[in-house]
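Commentary on secondary and tertiary structure
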Amino acid sequence: MRGGWREGHCVVAPDKFKGSLTAPQVAAHIATGLRRVRPDVPVVTMPVADGGDGTVDAVVESGFVRFQTSVTGPLGLPVAASFAMRGEAAVIELAEASGLRRLPIRPTFHTALAATSYGTGELIRAAAARGARRVVLGLGGSACTDGGVGMMSALGVRFLDEQDRELPPGGAALSRLARIDATDMLQVPIIVASDVDNPLLGPRGAAHVYGPQKGARAGDVDELEWGLARLAAIVERDLGADVAERPGAGAAGGVGYAALAFLGATVRPGIEIILELMSFPEQIAGARLVITGEGSLDPQTLHGKAPVGVARAAAGATVPVVAVAGQRSLTSEQLRRAHIEQAYALTDLEPDPEVCIANAGPLLERLSGEIAGAWLGASAHA
């Protein structure tokens with residue numbers, strides 16, 4: 001609903017506090033704190049995400065419908081995963097099917113070499129079967145370094161060795177790739193939501209930068225790198241696609257590469273896409289304040305993270321923005337350059353980070369009360 005009762009409203013648009021609260025939970029606690037102090041000010045909650053963990057949850061809060069299905073997890077075991085749709089648009093989060101959190105064990109070199117993105121392809125196929133004609137694919141938190149071969153296998157592409165046998169799952173098998181058959185590939189328009197600008201190969205590539213985070217040892221990184229290089233060479237030969245150096249090709253262990261090479265995907269900052277899907281400009285029209293935030297406001301925040309994306313969008317509508325966080329290390333000048341007027345941290349109230357994590361909800365409500373008093377003025381009902 002636009003205008004009317006919401007004129008002069010407050011929009012609450014935070015990302016998750018990782019390890020503590022989901023984005024919807026953060027938004028709910030902030031709204032509770034605001035309403036205690038200013039019950040007369042309408043509050044619109046719009047939890048956001050940047051394409052990583054929590055993206056599906058965020059768009060469901062904004063009106064998308066959640067669908068759950070069983071797909072193949074990163075090690076081949078079935079997992080329950082969800083995606084979201086509204087009309088012909090679908091939002092799929094790779095971490096739902098192929099993320100580190102879906103591993104049944106802690107990451108090891110075995111999982112790093114064998115993990116597959118097959119379940120992500122199954123989610124895309126399931127969304128297409130429900131009528132999706134545009135898929136936003138959020139990349140983040142992946143367990144695999146398979147170059148997106150698993151995802152594309154689920155979409156009908158065959159990756160064959162010298163004996164015309166299909167390769168087994170995982171990045172380690174890519175060194176045996178001899179031929180690609182994309183005759184039966186399901187074509188789905190994809191927009192990749194990712195802030196990763198790494199290429200597929202080299203010292204800034206998928207294997208070297210992200211492989212160790214997934215359990216790969218030095219020798220395993222070399223093996224994965226060789227496999228990805230083999231994949232890029234065969235893709236260029238058989239499909240004529242030379243995209244290994246494109247920014248974002250290295251995202252999610254090379255899933256970004258597969259989306260670019262096979263599906264002609266575009267790569268955009270995740271928060272920009274999510275805000276568009278949520279009709280954020282319409283939601284902030286006439287607002288007096290936007291509150292955003294995430295678990296830690298630090299230098300990484302300045303590189304395309306959700307709070308900066310929210311603040312940039314609000315600045316275009318000349319709506320002031322403040323941020324909340326578990327802790328912050330950004331200076332006032334850095335915040336201002338990011339269009340954030342002021343930042344409030346849980347550690348301002350409780351210096352022990354462990355206590356902040358354990359009591360994040362109540363502390364957020366206290367902080368929000370302070371924000372209401374400072375930015376929304378005295379209540380007309382006081």
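Up top is the structure these notes are about.
The following paragraphs examine the structure supplied in this document. Predicted, not measured: the structure shown is a model, and the values here were computed from it.

Let us look at the overall build of the protein chain. When helices and strands are counted, the protein chain shows 15 helices and 13 strands. Compactness check: the protein chain gives a C-alpha radius of gyration of 22 Å against a globular reference of 21 Å for 382 residues, within 12% of the reference. Projected onto the principal axes, the alpha-carbon positions of the protein chain cover approximately 80 × 45 × 35 Å. Residue burial in the protein chain is summarised as follows: out of 382 residues, 54% are buried. For the protein chain, the share of sequence-separated contacts (at least 6 apart) that also reach a separation of at least 24 residues comes to 72%. Each charge class in the protein chain was averaged separately, 34 positive and 41 negative side chains, and the resulting centres sit 4 Å apart.

For the rest of this paragraph, the subject is the nonpolar core. M152, F159, I190, Y257 and F262 are the most contacted members of the largest nonpolar core, which totals 65 residues. Sequence-distant contacts of Y257, that is, excluding residues within four places in its chain, are made with G147, L200, L231, A232, V235, V243, A244, G248 and A249. If you look at the next biggest cluster of nonpolar residues, it comprises 38 residues, including M46, V48, F280 and L297.

Its 15 residues place the ends of helix α1 (residues 23-37) 22 Å apart at the C-alpha level, agreeing with the 21 Å of an ideal helix rising 1.5 Å per residue. All of the buried residues along α1 are A23, V26, A27, I30, A31, G33 and L34. In an axial view of α1, the angular spread of the buried residues amounts to 165°, which keeps them on one side of the axis. As for α1, its buried residues are in contact with β1 (10-12), β2 (43-45), β11 (289-297), β12 (321-328) and α15 (360-375).

Let us now look at the environment of L346. By secondary structure assignment, the location of L346 is in the loop between β13 (342-345) and α14 (353-358). L346 sits in the buried class, given a relative accessible area of 1%. Distance from L346 to A233, taken between C-alpha atoms, is 50 Å for residues 113 residues apart in sequence. Leave out the neighbours within four places in its chain, and L346 touches F17, A325, G326, C356, A360, L363, L364 and L367.

This part is about the pattern of salt bridges. By the definition in use, this model includes 21 salt bridges. With its nearest N and O atoms 3.7 Å apart, the salt bridge here joins R102 to E96. Residue R102 is classed as partly exposed on the basis of its relative accessible area, which comes to 23%. Assessed through its relative accessible area of 10%, E96 is described here as buried. Through salt bridges with shared partners, one network takes in D53, E93, E96, R101 and R102.

With that settled, the discussion passes to the pairing of β11. For β11, the tally of buried residues reaches seven of nine residues, placing the bulk of the element in the interior. Of the strand pairs in this sheet, β11 and β12 are connected by seven bridges, and their pairing is parallel. If you follow L297 over to β12, its bridge partner there is R328. Handedness of the crossover is the feature at issue here: the chain leaves β11, passes through helix α12 (residues 306-316), returns alongside β12, and the resulting connection is right-handed.

Take the sheet that holds strand β4 (residues 78-86) next. Either a parallel or an antiparallel arrangement is found when strands of a sheet pair, and the pairing is made through backbone hydrogen bonds. Taken together, six strands build an open sheet; the order of strands is β3-β4-β5-β6-β9-β10 and the sheet is mixed. The two strands at the open ends of the sheet, each matched to only one other strand, are β3 (65-72) and β10 (266-268). Neighbour-to-neighbour, the strand axes of the sheet open up by a mean angle of 25°, direction not taken into account. Sitting on the sheet, helix α5 (residues 118-129) touches β3, β4, β5 (89-93), β6 (134-138) and β9 (190-193), and the angle it makes with β3 is about 135°.

With that settled, consider the sheet that holds β2. The parallel open sheet is built from five strands, whose spatial order is β2-β1-β11-β12-β13. The open sheet has two edge strands, β2 and β13, and neither has a second partner. Ignoring which end each strand starts from, the neighbouring axes of this sheet average 25° apart. Bridge analysis of β1 against β11 gives three bridges, and the strand direction is parallel. Looking at β11, one finds that V11 is bridged to V290. Here α1 sits on the sheet in contact with β1, β2, β11 and β12, set at roughly 175° to β2. Against the sheet, α12 makes contact with β11 and β12, and its axis sits at roughly 160° relative to β11, the strand it touches most.

What counts, and at which threshold
Residues numbered from 1 in each chain as written. Predicted model: local features only at pLDDT ≥ 70, side-chain atom pairs only at ≥ 80, totals over all residues. Heavy atoms only, no water. Helix = DSSP H or I, 4+ residues; strand = E, 2+ residues; numbered from the N terminus. Rg over C-alpha atoms; globule rule 2.2 N^0.38 Å. Buried < 20%, exposed > 50% of the residue type's maximum accessible area, 1.4 Å probe, protein only. Contact = heavy atoms within 4.5 Å. Lys, Arg positive; Asp, Glu negative; His and termini not counted. Charge placed at Lys NZ, Arg CZ, Asp CG, Glu CD. Core = buried A, V, L, I, M, F, W, Y, C linked by side-chain atoms within 4.5 Å. Expected span 1.5 Å × (residues − 1). Arc of directions from axis to C-beta. Salt bridge = Lys/Arg side-chain N within 4 Å of Asp/Glu carboxyl O. Pairing = 2+ DSSP bridges. Right-handed = clockwise from strand over helix to strand, strands pointing away. Axes fitted to C-alpha atoms, helices over the stretch in contact; angles between N-to-C directions.

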